[in-house]
Amino acid sequence: QVQLVESGGGLVQAGGSLRLSCAASGSIFSINAMGWYRQDPGKQRELVAGISSGGLTKYADSVKGRFTISRDNGKNTVYLQMNSLKPEDTSLYYCGSGRLLSGNYFNMDYWGKGTLVTVSP
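Residues numbered from 1 in each chain as written. Predicted model: local features only at pLDDT ≥ 70, side-chain atom pairs only at ≥ 80, totals over all residues. Heavy atoms only, no water.

## Quick notes on the pattern of salt bridges
- Evaluation of the coordinates by the stated rule reveals five salt bridges.
- Taking the shortest distance from any N to any O, the salt bridge between Glu46 and Arg38 comes out at 3.1 Å.
- Salt-bridge contacts for Arg38 lead to Asp89; the nearest nitrogen and oxygen are separated by 3.1 Å. Residue Arg38 is found in strand 4 (residues 33–39), and its partner Asp89 is found in the loop between strand 8 (77–82) and strand 9 (91–101); the two are separated by 51 residues along the sequence.
- The network of salt bridges with shared partners includes Arg38, Glu46, Arg66 and Asp89. (Salt bridge = Lys/Arg side-chain N within 4 Å of Asp/Glu carboxyl O. Helix = DSSP H or I, 4+ residues; strand = E, 2+ residues; numbered from the N terminus.)

Encoded structure:
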């Protein structure tokens with residue numbers, strides 16, 4: 001069983017920055033792929049950024065060049081640095097832990113409870 005706790009969400013003006021953190025426990029963090037996802041009401045949860053155990057990263061087209069995912073295996077923590085935020089980035093952001101499958105597909109087995117990011121115009 002893996003426990004994931006997100007933090008760092010909040011209210012920020014457009015153009016601003018936030019850094020999300022996800023602390024993991026209950027597994028060997030270093031061998032898990034990790035991902036940040038977001039979900040709006042009535043919509044599917046979508047991958048924002050993922051990082052494999054080896055540091056391979058994948059980003060949604062909408063955040064490329066603005067968001068950076070990183071991990072600190074010593075601290076069992078994954079981060080999402082979000083810069084140049086836009087109102088359309090407003091969402092509930094979830095941290096996930098799982099595996100990187102063939103075809104560069106991130107498949108998450110465990111989820112945190114989410115942290116809300118609100119970007120005002």
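## A word on the state of the cysteines
- Following the criterion strictly, the structure yields one disulfide and no others.
- Paired through a disulfide, Cys22 and Cys95 show a sulfur-sulfur distance of 2.0 Å. Across the S-S bond of Cys22 and Cys95 the torsion is about -80°, and the bridge reads as left-handed. A residue pair is termed long-range when its members are at least 10 positions apart, and Cys22 in strand 3 (residues 18–25) and Cys95 in strand 9 qualify at 73 residues.
- Its relative accessible area of 0% is what places Cys95 among the buried residues. (Disulfide = S-S within 2.5 Å. Buried < 20%, exposed > 50% of the residue type's maximum accessible area, 1.4 Å probe, protein only.)

## What about the packing of aromatic side chains?
- Within this structure, the stated rule accounts for one aromatic pair.
- Judged by centre distance (4.8 Å) and plane angle (80°), the ring pair of Tyr37 and Trp111 falls under edge-to-face. Linking Tyr37 in strand 4 with Trp111 in strand 10 (residues 105–111), this pair joins segments that are 74 residues apart in sequence.
- Residue classification places Tyr37 among the buried residues on the basis of a relative accessible area of 7%.
- Sitting over the face of the ring of Tyr94, Arg45 holds its NZ or CZ atom 3.7 Å from the ring centroid.
- Here the guanidinium or amino end of Arg45 rests over the ring plane of Trp111, the centre of that ring lying 4.5 Å away. (Phe/Tyr/Trp six-rings, centres within 6.5 Å; stacked < 30°, edge-to-face > 60°. Lys NZ or Arg CZ within 6 Å of the ring centre and 35° of its normal.)

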